[in-house]
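Observations on the three-dimensional arrangement
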Amino acid sequence: MKRFLCNIGHSFSLWKSHTAEMIFKSLQIFVSLLLIGFMVHQYTSYQALYQQIQHLMQQKDVYVLWDCNDNEWSGHIERSNYTKSWNHLLDTIINSNLKRLVVDNEQPVDISDREAEVIRTNENFFQFFEISISEKETNWETYFKTYFESEEEWKKKTKPAIVGAAYRKDYKLGDCITSDSGERFLIKGFLKKNQSYALPTQSKEMVSLNRALIIPVNIDRNEVYSIQAYIKYCLYITKGRETLSDIEQVNREEKLNDGYFCSYRKQLVNVKRDTIEGILQYGTFGVILFVFSIIGFLGMLIQLMMECEKEYAVHLLCGAQIKDILLRLLFQIGLLLLCGDILCFIAFYNGQVRLAVLLLSLISFLLFFLYSTLRLHSESIMQKLRRNE
């Protein structure tokens, strides 16, 4: 142990004459690893999103009614005299034979001064997105019907909820979670850790459910905004757009939404294009910066070895071993790469990103190890001493 600590001390002493250069090289390593990690994160996130949406669609497609109303028209159709028209459109949707999934995530709540996502949905949410529940009450699915209560009654009601894994620390099955505003959520089940869902019309990445509260959707037929929210966040799983013609027709007749049905299949094409652009932009720069950083470190390592060859030779004559010199050289590089890995581990929770960054660091360290070993064994001690006389 004493020998090891002595070698580490020698390694740190070499940094004193190259402090500014070491700091600059360290920043290069950190930034390049972060960029590469971000590139891998984008790719893995897109793959997860794509697979989940493909499972949701299967041999069909998913459509959502895209709202193109301007602010003036939106304000106009929110008036109470449009309640009958909105109910007509709502009835057309409910009475259709289309598979529907509602994902209304627009209104979060605060729990102990921390924001929590609330997802108002129906029973299809867990099946379509392959959401796994680790602990649940018997017949929990029966609570996820669509409710038709007034907003006032719904706010007072204790709502059944499937909650994210983060709440396991403070709650158990059957407990109530109370928001800062006084809303109560009765826990009917806990999700497994790191569950997520995808909505390509909202985000290019998966959305975590660790701190989510998943509750049934409620529609107040007397409030236009409540009906609008249901229609806005309703997804239709169907083979073709023609099956939505009845909804489109009623929408036109009642002169409500100035919009169109957006296809998830087409939206995935846009997400893929944006993801590739992001990977090329951040990944290319990150790889180039990392390569130059490694070359820079290698050059600095060569310089250190040339400057200290006489000192190393004397140490070898006094009883030091090649592995001691090797440890002094590689400790510096290993420590900087390890710090870069730790930074990436903090920044990214994705296991694939962490693995990619760790493998890249290991490969780089092995290259330094091979070069240093070959360099130290290339000449005898006497040759090193003569060359430095």
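In this report, the structure presented in the accompanying data block is examined. (Residues numbered from 1 in each chain as written. Predicted model: local features only at pLDDT ≥ 70, side-chain atom pairs only at ≥ 80, totals over all residues. Heavy atoms only, no water.)

The number of helices and strands found in the chain is 13 helices and 14 strands. In the chain, buried positions account for 47% of the 389 residues. A total accessible area of about 20600 Å² is found for the chain, and carbon and sulfur atoms account for 56% of it. (Helix = DSSP H or I, 4+ residues; strand = E, 2+ residues; numbered from the N terminus. Buried < 20%, exposed > 50% of the residue type's maximum accessible area, 1.4 Å probe, protein only. Areas by Shrake-Rupley, 256 points an atom, 1.4 Å probe, with all protein chains shown as cover.)

Okay, the layout of surface pockets next. The computed volume of the largest pocket comes to approximately 1000 Å³. Lining the largest pocket are 28 residues, and of these Asn 194, Gln 195, Ser 208, Asn 210 and Tyr 349 sit closest to its centre. Counting only elements with at least two residues in the lining of the largest pocket, the list comes to helix 2 (19-57), strand 11 (207-208) and helix 12 (351-376). Per-element tally for the lining of the largest pocket: the top contributor is helix 2, with four residues. In this structure, the second largest pocket occupies an estimated 550 Å³ of space. Lining the second largest pocket are 29 residues, with Asp 104, Gln 107, Tyr 225, Ser 226 and Ala 229 sitting closest to its centre. Breaking the lining of the second largest pocket down by element, the ones donating at least two residues are helix 6 (151-156), strand 12 (213-216) and helix 7 (224-232). Per-element tally for the lining of the second largest pocket: the top contributor is helix 7, with seven residues. (1 Å grid on protein atoms, 1.4 Å probe; cavity = no way out; pocket = protein on both sides within 12 Å on 5 of 7 lines; lining within 4 Å. Points joined across faces, edges and corners; volume = space filled by probe spheres on them.)

To continue, consider the environment of Phe 129. Looking at the secondary structure, you find Phe 129 in the loop between helix 5 (124-128) and strand 6 (133-136). Those residues in contact with Phe 129 that lie beyond four places of it in its chain are Gln 52, Leu 56, Leu 101, Val 103, Tyr 197, Ala 198 and Leu 199. (Contact = heavy atoms within 4.5 Å.)

Once that is clear, we can look at a nonpolar patch on the surface. Among the surface-exposed residues, Phe 345, Leu 355, Leu 358, Leu 359 and Leu 362 lie close enough to one another that they form a single nonpolar patch of about 420 Å² accessible area. Mapped onto the elements, Leu 362 comes out in helix 12. Taking relative accessible area as the criterion, Leu 362 reaches 44% and is therefore assigned partly exposed. (Patch = residues over 30% accessible without salt bridge, like charges linked within 9 Å, V, L, I, M, F, W, Y side chains within 5 Å. Salt bridge = Lys/Arg side-chain N within 4 Å of Asp/Glu carboxyl O.)

The next subject is helix 4 (residues 83-94). A rise of 1.5 Å per residue sets the reference length of helix 4, with its twelve residues, at 16 Å; its end C-alpha atoms lie 16 Å apart and thus fit the reference within 8%. Every buried residue of helix 4 is accounted for by Thr 83, Ser 85, Trp 86, Asn 87, Leu 89, Leu 90, Thr 92 and Ile 93. (Expected span 1.5 Å × (residues − 1).)

Axis separation between helix 4 and helix 8 (residues 245-253) bottoms out at 9 Å; the angle between their running directions is 175°. Considering the angle they form, helix 4 stands roughly antiparallel to helix 8. Between helix 4 and helix 8, the residues in contact are His 88, Leu 89, Thr 92 and Ile 93 and Asp 246, Ile 247, Val 250 and Asn 251, respectively. Split by residue class, the contact of helix 4 with helix 8 holds four nonpolar, three polar and one charged. (Axes fitted to C-alpha atoms, helices over the stretch in contact; angles between N-to-C directions. Parallel < 35°, antiparallel > 145°, perpendicular 65-115°, else oblique. Nonpolar A, V, L, I, M, F, W, Y, C, P; charged D, E, K, R; others polar.)

Taken as a whole, this structure holds nine salt bridges when the rule is applied. Notably, a salt bridge pairs Asp 91 with Arg 221, separated by 2.9 Å at the nearest N-O pair. Here Asp 91 is found in helix 4, whereas its partner Arg 221 is found in the loop between strand 12 and helix 7, with 130 residues between them in sequence. Taking relative accessible area as the criterion, Asp 91 reaches 30% and is therefore assigned partly exposed. Here Lys 188 and Glu 137 are joined by a salt bridge, their closest N and O atoms 3.1 Å apart. Residue Lys 188 is found in strand 9 (residues 184-191), and its partner Glu 137 is found in the loop between strand 6 and helix 6; the two are separated by 51 residues along the sequence. Looking at Lys 188, the relative accessible area reads 8%, which means it is buried.

The next thing to look at is the nonpolar core. With 30 residues, the main nonpolar core has Phe 125 and Phe 126 as its most contacted residues. Among the secondary structure elements, those contributing two or more residues to this core are helix 2, strand 1 (61-66), strand 2 (99-104), helix 5, strand 13 (234-238) and helix 9 (264-307). Considering each element in turn, this core owes the most residues, four residues, to helix 2. Apart from residues no more than four positions distant in its own chain, Phe 125 is found in contact with Leu 101, Val 103, Ile 119, Ile 131, Tyr 197, Leu 209 and Ile 214. Formed by 24 residues, the second largest nonpolar core is a distinct cluster that contains Tyr 63, Leu 90, Leu 98 and Leu 244. (Core = buried A, V, L, I, M, F, W, Y, C linked by side-chain atoms within 4.5 Å.)

In contact at an axis separation of 10 Å, helix 4 and helix 7 are set at 30° when each is read in the N-to-C sense. Compared by their axis directions, helix 4 and helix 7 come out roughly parallel. Seen from above, helix 4 lies across helix 7 with left-handed handedness. Where helix 4 approaches helix 7, its residues Thr 83, Trp 86, Asn 87, Leu 89, Leu 90 and Ile 93 are matched on the opposing element by Val 224, Ile 227, Gln 228, Tyr 230 and Ile 231. Grouping the amino acids of the contact of helix 4 with helix 7 by side-chain chemistry returns eight nonpolar, three polar and no charged. (Left-handed = near helix turned anticlockwise from the far one by under 90°.)

By themselves, these are just geometric observations and shouldn't be taken as functional.
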